[in-house]
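Now for the letters of each chain:
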Amino acid sequence: MTSVQPTCIQSGVDCLLIGTDDDTRRLAELLAEEPLFACRQSSPEHLNAILTPRPDVIFLQTRLPGHYPILLLQQLCQQYPDIPVIAFEHTFSRFRNQSFIAAGAREYLVASDLTADRLKRIIRYSVKPAPQLQAYPSEPLYSTPQNDLLTGLQNRHYFYTRLCDTLNSSQQSIALLNIDLDGFSRFNHLNGSQAGDRIVQILAQRIANIFDCDIARMGADEFSLFYLPEQNRDTETDLKPVCEALLASLSEPYQLNNQEFTLPCSVGISISRQQQDADSIIFQAHQARLQAKQRSECSYNFFASSLPDTEGEYNDLEPDLILALQKEQFELFYQPRVDIRTGTIIGAEALIRWRHPERGLIAPGEFIELAERTGLIVPIGYWVIYRAGMDMQAIKRAQLDIGRIGVNLSFRQFEDRYLSRTIQRLIEKYRIDTSVLEFELTESALFSNEAHVRQGIEELNQLGITFSLDDFGTGYSSFTLLQKLPINSLKIDRSFTSGVIEQQDDREIVKAIINLSRSLNIEVIAEGVETRLQHDFLIEHGCYQAQGFLYSRPMPFQDFFNMLQNSQLSAANQKQTGR
């Protein structure tokens, strides 16, 4: 590991470069051209150690071998909210640009076209400016150590001090708003930094026109403000009309060089509790903004101040979940899908498990909801597709036959506008056999945002991927939509399968689903088959595919691989004997 030793930085900027490639070394060389910059270069294995002493700014490589950088970014933002993190990579990627900015990066750099002047400019706007740095024409005519040079508003460091002082002295709640534009980095990349600076100045003025309080520029296009609402009033109720007015103002097109640009915005709001510190309220507002960004364009979201009893358990798991991907703690278990007439394995469902270093094996029911709530379900979902693809290759190399391997897609994954593009990249990079890959959707996913999900399904189907509808019968399926979408199979929910012997209603529902699948000319699969009587009922009424404990519990891949191998070897021997 090469290292650039720090120089004296009494009035300079301490830069930490987390990365190992040529782009990292190039950034170090560019930083070395400015005497006020001192830089350290390291890999992320010992995070706490490399953050001692604390740097002024962190540069994070977006492609770290053996690591998951977006989770590392979230960890840095959570533990060190006052240190700006700037993501960088060799060439522009729209998906990683959006992902890293959404996860908290102050800026996204393309190292291949970076210059020393542009790098100095970015650092100057991300951290407390050093007076010796070169001035730029887009600065306002005035500046003080408390002001952001571009907008004239408070800078991040002064705002943080003001917030700490106010929290310590005030006896009432404080409302903190975190605001940024959606797609600003892409706009900046396409139109240049001068156009981006002008947009930021207009944005700052619009915010200042709505709020007369402490306002600061926290990053490239990120702003925060706080104020003390009137006493004896419900803060959230009072804020809603103000937030609506803010969204209306920020949603107006930006006039620039005789052109109009529309840049949606997201707003997160946190309301302080008694004796709450500045770092936690900043983090809560940041999380609320990310949730608003995931929900829809141009929206605001309050950080939940009253949470269900299970929240304490979730908070205990959340830091561990952030590290689970980086430390490769997830596994895929497989539950066979069988032809119940012959007992032959014709497919499987991939089910994620978390092998926690202290709590042992954790079932998805204990962490998937948390992953969806925090947005971590998106990178976790991509990992599941990657891992299932690797397991498919192992099956193919052994010359074993497998019909379909089902992978669950969450409704939150469809909110990632780059879902199909990212999956296509995974398919191409890891040579995943799309004739085997099947995505399992729930009815809640299918109907949460019908037009958006439908477009995503159609794009994925063009890659050769098939779809099944999981837990069918428990939601509100539209038969018309089922006919329009490329759904290849319906999976009867286990709650109906378990009751086909004792409950008349369950019997009728299962028979109706089987008949519906026939009329739509799609397959039907029963889940949760546990008894021979249920097995016989399904055969009698024309359902010939099933999974459940009667045939096999979910198992690690190697056990499933051995089971599949033995099953097909046994079938081949019987065939030879029959001859």
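To start, this report covers the structure provided alongside it. Note that this is a predicted model, so its numbers are computed, not measured.

Calculation rules
- As a convention, each chain's residues are numbered from 1 in the sequence order in which they are written.
- Per-residue local features are limited, in this predicted model, to residues with pLDDT of at least 70; the limit for side-chain atom pairs, both in listing and counting, is 80 or more; totals at the level of whole chains, interfaces and linings are taken over all residues.
- Heavy atoms from the whole structure form the basis of all side-chain values; hydrogens and water molecules are not counted.
- Numbering of helices and strands runs from the N terminus; a helix is a DSSP stretch of H or I covering at least four residues, while a strand is a stretch of E covering at least two.
- Accessible area is worked out with a 1.4 Å probe on protein chains only. A residue is then buried under 20% of its type maximum, exposed over 50%, and partly exposed in between.
- Whether two residues are in contact is decided by their heavy atoms: any pair within 4.5 Å suffices.
- Throughout, the Shrake-Rupley method with a 1.4 Å probe supplies accessible areas, and for residues the shown protein chains are the sole cover considered.
- Helices are assigned an expected span. That span is 1.5 Å times one less than the residue count.
- Each reported salt bridge corresponds to a side-chain nitrogen of Lys or Arg within 4 Å of a carboxyl oxygen of Asp or Glu.
- Any two strands with at least two DSSP bridges between them are considered paired.
- Axes, fitted as lines to C-alpha atoms, cover a helix only where it is in contact. Angles between the N-to-C directions of the axes lie from 0 to 180 degrees.
- What counts as a ring pair is set by centres within 6.5 Å for rings of Phe, Tyr and Trp (its six-membered ring), and what kind of pair is set by the plane angle: stacked under 30 degrees, edge-to-face over 60, tilted for all other angles.
- Only Lys NZ and Arg CZ are tested; either one counts as a charge over a ring when it is within 6 Å of the ring centre and within 35 degrees of the ring normal.

### Here we look at the overall build of the chain
So, point 1. In terms of regular secondary structure, the chain is built from 21 helices and 22 strands.
So, point 2. Counting over 579 residues, the chain shows a buried share of 54%.
So, point 3. Looking at the chain alone, contacts between residues at least 24 apart form 69% of all its contacts between residues at least 6 apart.
So, point 4. Carbon together with sulfur atoms contributes 46% to the accessible area of the chain, which is approximately 26,400 Å² in total.

### Some points on helix α14 (residues 419-430)
So, point 1. The end-to-end C-alpha separation of α14 is 16 Å, in line with the 16 Å expected for 12 residues at 1.5 Å each.
So, point 2. Note on α14: the residue one or two positions beyond its end, R431, has a positive phi of about 50°.

### Details of the pattern of salt bridges
So, point 1. The tally for this structure, following the rule as stated, stands at 17 salt bridges.
So, point 2. A salt bridge links D82 to R54; the shortest N-O distance between them is 2.8 Å. Separated by 28 residues along the polypeptide, D82 in the loop between α3 (69-79) and β4 (85-89) and R54 in the loop between α2 (47-50) and β3 (57-61) bring together distant segments of the chain.
So, point 3. Among the residues examined, R54 registers a relative accessible area of 43% and is labelled partly exposed.
So, point 4. Taking the shortest distance from any N to any O, the salt bridge between D214 and R162 comes out at 2.9 Å. In this pair, D214 is assigned in strand β7 (residues 214-217) and R162 in helix α6 (residues 156-169), connecting sequence segments 52 residues apart.
So, point 5. Taken together, the salt bridges that share partners define one network made up of R106, D180, E222 and R289.

### What to know about the sheet that holds strand β11 (residues 265-271)
So, point 1. Taken together, the 5 strands give an open sheet; going across it, the order is β7-β8-β6-β11-β12, and neighbouring strands pair in mixed fashion. Only two strands of the sheet have a single neighbouring strand rather than two, namely β7 and β12 (299-302). Within the sheet, the average angular offset between the axes of one strand and its neighbour, ignoring direction, is 15°.
So, point 2. The pairing of β7 with strand β8 (residues 223-227) spans 4 bridges and is antiparallel. Residue D214 lies in a different strand from β8, and its bridge partner there is F226.
So, point 3. Of the strands in this sheet, β6 (175-181), β7 and β8 are in contact with helix α8 (residues 193-210), which crosses β8 at around 15°.

### Some thoughts on the packing of aromatic side chains
So, point 1. A full pass over the atoms with the stated rule returns 12 aromatic pairs.
So, point 2. Pairing Y300 with F302 gives two aromatic rings, centres 6.0 Å apart and planes at 85°, and the pair type is edge-to-face.
So, point 3. Judged by relative accessible area, Y300 falls into the buried class, the value being 16%.
So, point 4. Classification of F302 as buried rests on a relative accessible area of 14%.
So, point 5. Cluster of aromatic residues (ring-pair linked, three or more members): F330, W354, F367 and W383.
So, point 6. Across the ring face of F549, the terminal group of R553 is positioned such that the distance to the ring centre comes to 3.9 Å.

Nothing here speaks to function; it is geometry throughout.
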